[in-house]
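Reading the structure
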Amino acid sequence: MRIDLHSHSTASDGSKRPAEVIGLGVEWAEKNKEPVVLALTDHDTVAGVAEFLGEASKYPGQVTAVPGIEFSTFIELEDGREQTMHMLGYFIDHDDPVLLEKLEKYRQDRESRNTRVIEKLNRHGFRISAGDIEPLTPGASVGRPAIASHMVKMGYVSSVKEAFKKYLGRGKLCYAERIRPQVRDVISLIHASGGIAVLAHPKLYDKLDHEALDKLISDLCSMGLDGLEVYYSRNDPEDTAYYYSLAEKYHLRVTGGSDFHGTVKPDIELFRGTGNLHVPVSVLESLKDQGDL
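Numbering of residues starts from 1 in each chain and follows the order in which that chain's sequence is written. Where local features are concerned, this predicted model is filtered to residues with pLDDT of at least 70; where side-chain atom pairs are given and counted, the filter is 80 or more; whole-chain, interface and lining totals use all residues. Hydrogens and water molecules were not included; the side-chain quantities draw on all heavy atoms of the structure.

Thoughts on the overall build of the chain
Helix and strand definitions here come from DSSP, where helices need a minimum of 4 consecutive H or I residues and strands a minimum of 2 consecutive E residues; each element is numbered from the N-terminal end. Helices and strands together make up the secondary structure of the chain, namely nine helices and seven strands. Computed over its C-alpha atoms, the radius of gyration of the chain comes to 18 Å, within 12% of the 19 Å expected for a compact globule of 293 residues. Along the three orthogonal principal directions, the C-alpha set of the chain runs to about 55 × 45 × 40 Å. When each of the 293 residues of the chain is scored for burial, the buried share is 54%. Within these notes, the globule rule equals 2.2 Å times the number of residues to the 0.38 power, and the radius of gyration is based on C-alpha atoms. A simple rule labels every residue: compare its accessible area, found with a 1.4 Å probe on the protein chains alone, to the largest value its type can have, and call it buried under 20%, exposed over 50%, or partly exposed in between.

Notes on helix α5 (residues 160-168)
Those residues of α5 that sit buried are E162, A163, Y167 and L168. What you see down the axis of α5 is that its buried residues fit within an arc of 145°, all on one side. What points out from α5, more than 90 degrees from its buried face, is the exposed set K161 and K165. The contact rule is simple, with two residues in contact once any of their heavy atoms fall within 4.5 Å. Considering only its buried residues, α5 is in contact with α3 (97-123) and α4 (144-153). Working definition: the arc comes from the directions between the helix axis and the C-beta atoms, pointing outward to the latter.

Some words on the packing of α4 against α5
Lines fitted to C-alpha atoms define the axes, with helix axes restricted to the stretch in contact, and inter-axis angles between N-to-C directions lie between 0 and 180 degrees. Closest axis-to-axis distance for the α4/α5 pair is 9 Å, and the angle between their directions is 110°. Relative to α5, the element α4 lies roughly perpendicular. Along its contact with α4, which presents R144, P145, I147, A148, S149, M151 and V152, the element α5 presents V160, A163, F164, Y167 and L168. Along the lines of polarity and charge, the residues of the contact of α4 with α5 split into 10 nonpolar, one polar and one charged. Our angle categories are set so that under 35 degrees counts as roughly parallel, over 145 as roughly antiparallel, 65 to 115 as roughly perpendicular, and the remainder as oblique. Only Asp, Glu, Lys and Arg are considered charged, only Ala, Val, Leu, Ile, Met, Phe, Trp, Tyr, Cys and Pro nonpolar, and every remaining residue, Gly among them, polar.

Comments concerning the pattern of salt bridges
Throughout this description, the term salt bridge denotes a Lys or Arg side-chain nitrogen within 4 Å of a carboxyl oxygen of Asp or Glu. Considering all chains together, one arrives at 14 salt bridges under this definition. The residue R107 makes a salt bridge to E111 at a minimum N-O spacing of 2.5 Å. Here R107 and its partner E111 are both found in helix α3, four residues apart, which amounts to about one turn of the helix. When its relative accessible area of 43% is taken as the criterion, E111 is described as partly exposed. A salt bridge links R170 to E177, with the shortest nitrogen-to-oxygen separation between them at 2.9 Å. A relative accessible area of 45% means that R170 is categorised as partly exposed. For E177, a relative accessible area of 33% gives the class partly exposed.

Considerations on unusual backbone geometry
Even without a glycine there, the phi angle at K33 is positive, about 55°. Of note, K33 is situated in the loop between α1 (18-32) and β2 (36-40). For K33, a relative accessible area of 71% translates into the label exposed. Even without a glycine there, the phi angle at H201 is positive, about 25°.

Regarding the pairing of strand β7 (residues 253-257)
Extensive coverage of β7 is indicated by the burial of five of its five residues. Of the two faces of β7, both are covered, the one formed by R253, T255 and G257 as well as the one formed by V254 and G256. The definition of a right-handed crossover adopted here requires that, viewed with the strands pointing away, the path from the first strand over the helix to the second runs clockwise. With respect to chirality, the unit in which strand β6 (residues 227-232) leads through helix α8 (residues 237-249) into the neighbouring parallel β7 is right-handed.

Some details on the nonpolar core
Ranked by internal contacts, the top residues of the largest apolar core, which has 53 residues, are L5, F71, M87, Y90, L199, I217 and L220. If sequence neighbours within four positions are ignored, L199 has contacts with M85, H86, M87, Y205, I217, L220, L225, G227, L228 and E229. By nonpolar core is meant a set of buried Ala, Val, Leu, Ile, Met, Phe, Trp, Tyr and Cys residues that side-chain atoms within 4.5 Å join together. Counting 16 residues, the second-largest nonpolar core is a separate cluster that includes F126, M151, Y167 and A176.

Here we look at the packing of aromatic side chains
Planes of paired rings set the category: under 30 degrees apart is stacked, over 60 is edge-to-face and the rest tilted, where pairs are Phe, Tyr or Trp rings (Trp by its six-membered ring) whose centres lie within 6.5 Å. Summed over all chains, the structure comprises four aromatic pairs. Summarising the aromatic geometry, the rings of F126 and Y167 are spaced 5.0 Å apart at their centres and angled 75° between planes, so their arrangement reads as edge-to-face. Here F126 is found in the loop between α3 and α4, whereas its partner Y167 is found in helix α5, with 41 residues between them in sequence. We note that F126, like Y167, is buried. A centroid spacing of 6.0 Å and a plane angle of 55° characterise the contact between Y242 and Y243, whose relative ring orientation is tilted. A relative accessible area of 18% means that Y242 is categorised as buried. Here the aromatic cluster, defined as three or more aromatic residues joined through ring pairs, consists of F126, Y156 and Y167.

Structure follows, in structure tokens:
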């Protein structure tokens, strides 16, 4: 069995439609003669989940689909700095009215931020309009990655990474702030919609050394954290071993995934990450009381 519990679609900042993500899973299952488990975890939206689950239902025995989401949030560190974090929610009820109300609020604020970013870009000579970044999926969450992708398309920058480094990243020339919900509220929202809350990719939290990450996870556990993304594309073996030890220390569920975005992150493949990712089947044991796995 092959497992990938972290993927993105056109409902946020991926290049593949939700059904196409399932299609890639079917291709793997047929080519390798093994079933797959896939989760869709778009940023701050569940707009693609219905399509994702509907397409997966056509391939029983080949593809098991997990409804998910990835929230953008933050926590204030003891030294006064903020650490941006992402919180994965698995097995959520994507029709939950409270969840949808909150997500709509975040979507509207993201649109407002997009307008401010585009205005700044235009003042600096870039010809970009809101219509250039219209989402392919109704109700989708479209943010800075879509702006960055359009800048690449227009030849203003050579890559999404360059767009963020020069113009769109925090503190850069055309950055604009938006609402980021508190991590405690995110965990509560995931639980209220029937899901489990998992801290995504600890490898990426570059403001935290091992001691600070340990304390962060301890604090998050007091807020109801359920799991830790131990297996991830950017990890080296030492990272994975350390995150696994933290999951054991705090009795957390273990998950893993590639963070697949399609052509937006061309070096990351579904199931394989940057080439060496393998999420073990034992991860499903950690989730066996949730959903139909």
